[in-house]
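Listed here are the chains, written in short residue letters.
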Amino acid sequence: MELLCNAPAHATVPDRYVFPPEKRAALQLNDDATSDVTLPIIDLHHGTLSDNRRRIQVAAEIIAAGKEYGFFQVVNHGVGDDAVQAFRDAAAGFFALPAEEKLPYCSYDMSKRFRLATSTSYDRGETRYWRDYVKFRCYPPSDDNVRCWPSRPASFVPRLVEYCEAVHGLAQTLLALIAEGLGLDKGFFAGDLSGGDTHMSLNYYPPCPDPTVTMGLLAHCDRHLLTVLSQADVAGLQARHGGRWLLVRPVPGAFVINFGHQMEIVTNGVLASVEHRAVTNSVAVRMSVATHVHPTDGCLIRPAPELVDEEANPAKYREFMFSEFMEAYDAADASREGVLEFFKIHHD
Ligand SMILES: O=C(O)CCC(=O)C(=O)O
Ligand SMILES: [Fe+2]
């Protein structure tokens, strides 16, 4: 497998990474076209959310940001900068291992529990994305999950366990706030809806000699419930907003939060799953750490009855099992409308 992280610095962009002009990102990193819109940055006031007024205020901010953008950043979230940096260093150390040490993990077989690959999930001989990635189950640290994790670098597993424990706590805090903000029971998301194994994507984008002709990651919506993403200080993530692409500007110490399809369906469309993508840059390695909170495979997904009104606001989606959604997502090639179509109820 031809991994970008194994190659010496690239002087030119090989043809197989060059997108036709209509598929390139019109909005590049340095464009200032979006400076009038900045995604909300929400202070989670870590440790003081037992104060009722404050908690209700934060929950309202999250719902407002979620409805308007489907993307926001959180600061003062309780996950220590040290834990984030230590895991990011360990993950960077994995990509930096000699090629032969990484070889056993290279695979496009999606049933593999820890796999390293390049471009997208499928290698169909199409134009390649300027990205290597690792995908695996990162939480809980069950025997089945731990046995698939790499032993090198030696810091990888201990730092991963610390990071995921902390991020799991943050995700549950966010889900309780979202539930409260929507007028649902605080524990609404706590059971099967967020109880599947948490998945992680480590996305590695090396500097690219010509960012105008390449793409880092294709436009997509996340398929699960909630994503907690660390992009550190290198920009590249863009979110769709009202027909435009917004750059998600790096904020020191912040996590970027967005909703997956399951959140959109369970909230009957109130909190939408928004398309996003990544562009490349010519200067710095960019690594994003995406933690994806999943329902259990057997979880029954349906719009929350509290958010449905037969007359005024009928259910937009039918009931289904989460595993059914995972299959449909692959079949629809990650296209937002394509996959939702399988589950929509048409009222006319
Ligand atoms: O690299 C990024 O910032 C985006 C990653 C992403 O969207 C994903 O892993 O689902
Ligand atoms: Fe994503």
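Please refer to the structure placed before this passage.
It should be emphasised that the depicted structure is a prediction, and the values quoted were computed from it without experimental measurement.

Reading the values: the criteria
Residues numbered from 1 in each chain as written. Chains lettered and ligands numbered in written order. Predicted model: local features only at pLDDT ≥ 70, side-chain atom pairs only at ≥ 80, totals over all residues. Heavy atoms only, no water. Helix = DSSP H or I, 4+ residues; strand = E, 2+ residues; numbered from the N terminus. Rg over C-alpha atoms; globule rule 2.2 N^0.38 Å. Buried < 20%, exposed > 50% of the residue type's maximum accessible area, 1.4 Å probe, protein only. Contact = heavy atoms within 4.5 Å. Areas by Shrake-Rupley, 256 points an atom, 1.4 Å probe, with all protein chains shown as cover. Lys, Arg positive; Asp, Glu negative; His and termini not counted. Charge placed at Lys NZ, Arg CZ, Asp CG, Glu CD. Core = buried A, V, L, I, M, F, W, Y, C linked by side-chain atoms within 4.5 Å. Pairing = 2+ DSSP bridges. Axes fitted to C-alpha atoms, helices over the stretch in contact; angles between N-to-C directions. Near = heavy atom within 4 Å. Polar contact = N/O pair within 3.5 Å; in protein donor to acceptor, adjacent residues only side chain to side chain. Nonpolar A, V, L, I, M, F, W, Y, C, P; charged D, E, K, R; others polar. Phe/Tyr/Trp six-rings, centres within 6.5 Å; stacked < 30°, edge-to-face > 60°. Lys NZ or Arg CZ within 6 Å of the ring centre and 35° of its normal.

**Q** Please clarify how the overall build of the chain should be interpreted in this entry.
**A** On a plain count of helices and strands, the chain comes out with eight helices and 14 strands. Computed over C-alpha atoms, the radius of gyration of the chain comes to 20 Å, within 12% of the 20 Å expected from 2.2 N^0.38 for 348 residues, which places it in the range of a compact globule. Projected onto the principal axes, the alpha-carbon positions of the chain cover approximately 60 × 45 × 40 Å. Within the chain, buried positions represent 51% of all 348 residues. For the chain, the proportion of contacts with a sequence separation of at least 24, taken over those separated by at least 6, is 77%. Looking at the chain as shown, the accessible area adds up to about 15200 Å², and 51% of this sits on carbon and sulfur atoms. Put simply, the chain has 32 plus and 45 minus side-chain charges, and the middle of one group is 3 Å from the middle of the other.

**Q** Can you walk me through the nonpolar core in this structure?
**A** Within soluble globular proteins, side chains that are nonpolar generally end up buried alongside one another. Grouped together as the largest cluster of nonpolar side chains are 74 residues, with contacts concentrated most on Phe136, Ile178, Met200, Leu202, Leu226 and Phe255. Here the element with the most residues in this core is helix 5 (residues 156-181); it accounts for twelve residues. In contact with Leu202, not counting residues within four places along its chain, are Phe87, Ala91, Phe95, Asp132, Tyr133, Val134, Phe136, Phe156, Ser288 and Val289. Of all hydrophobic cores here, the second largest spans twelve residues; its members include Val37, Leu39, Ala239 and Leu246.

**Q** It is not clear to me how the sheet that holds strand 8 (residues 237-241) should be interpreted in this structure. Could you clarify?
**A** Reading across from one edge, 6-11-8-9 is the order of the four strands in this open sheet, with antiparallel pairing throughout. With one partner strand each, in any of the chains shown, strand 6 (217-220) and strand 9 (244-247) form the two edges of the open sheet. Strand-to-strand twist of the sheet, defined as the mean angle between neighbouring strand axes without regard to direction, takes the value 25°. Where strand 6 meets strand 11 (residues 276-278), two bridges bridge the pair, whose relative direction is antiparallel. Considered in strand 11, the bridge of His220 is made with His276.

**Q** Sorry, what's going on with the environment of Gly181 here?
**A** Inspection of the secondary structure puts Gly181 in helix 5. Separated by 92 residues in the primary sequence, Gly181 and Asp89 place their C-alpha atoms 36 Å from one another. Here Gly181 is in contact with Ala59 and Ile63, once residues within four sequence places are set aside.

**Q** Sorry if this is basic, but what is going on with the site of ligand 1 here?
**A** The local shell around ligand 1 holds 13 residues, among which Asn203, Tyr205, His276, Arg286 and Ser288 are the closest. A distance of 3.0 Å separates an oxygen atom of ligand 1 from a polar atom in the side chain of His276. Coverage of ligand 1 by the protein chains reaches 96% of its 300 Å² of free accessible surface. Grouping the constituent residues of the shell around ligand 1 by class yields five nonpolar, six polar and two charged.

**Q** Explain the sheet that holds strand 12 (residues 286-293) here, please?
**A** Backbone-to-backbone hydrogen bonds pair the strands of a sheet. The strands run either parallel or antiparallel. The strand order across the open sheet formed by eight strands is 1-2-10-7-12-5-4-3, and the pairing between neighbours is mixed. In this open sheet, the two edge strands, each paired with only one partner strand, are strand 1 (41-43) and strand 3 (114-118). Between one strand axis and the next, the sheet turns through 25° on average, direction left out of account. Bridge analysis of strand 7 (residues 226-230) against strand 10 (residues 255-259) gives four bridges, and the strand direction is antiparallel. Each bridged residue has a counterpart across the sheet, and for Leu226 the counterpart in strand 10 is Phe259. The sheet strands contacting helix 2 (residues 81-95) are strand 3, strand 4 (132-139), strand 5 (198-205), strand 7, strand 10 and strand 12, and the helix crosses strand 12 at an angle near 110°.

**Q** Would you explain the environment of Leu39 in this entry?
**A** Assignment of secondary structure puts Leu39 in the segment before strand 1. A relative accessible area of 7% places Leu39 in the buried class. C-alpha separation for the pair Leu39 and Lys23, spaced 16 residues apart in sequence, amounts to 25 Å. Setting aside anything within four residues of it in sequence, one finds Leu39 in contact with Tyr69, Phe71, Leu246 and Val248.

**Q** Help me out: how do you make sense of the packing of aromatic side chains in this one?
**A** Each pair of aromatic rings is reported with the distance of its centres and the angle of its planes. This structure, assessed with the given rule, holds 22 aromatic pairs. Residues Phe320 and Phe343 carry aromatic rings whose centres are separated by 4.3 Å and whose planes lie at 45° to one another, so their mutual orientation is tilted. Taken together, the positions of Phe320 in strand 14 (residues 320-321) and Phe343 in the segment after helix 8 (336-341) put the pair 23 residues apart, joining distant regions of the chain. Each member of the pair, Phe320 as well as Phe343, carries the same accessibility label: buried. Taken together, the ring pairs in this structure connect Phe87, Phe94, Phe95, Tyr105, Phe114, Phe136, Trp149, Phe156, Tyr163, Tyr204 and Phe255 into an aromatic cluster. Seen from the ring of Trp245, Arg277 lies directly overhead, with NZ or CZ sitting 4.1 Å from the centre.

**Q** Looking at this model, I keep getting lost on unusual backbone geometry. Mind explaining?
**A** Backbone geometry follows two general trends: most residues other than glycine have a negative phi, and most peptide bonds adopt the trans configuration. Cis geometry marks the peptide bond from Tyr139 to Pro140; its omega dihedral reads 0°. Mapping Pro140 onto the fold places it in the loop between strand 4 and helix 4 (143-146). Cis geometry marks the peptide bond from Arg152 to Pro153; its omega dihedral reads -5°. Within the secondary structure layout, Pro153 lies in the loop between helix 4 and helix 5.

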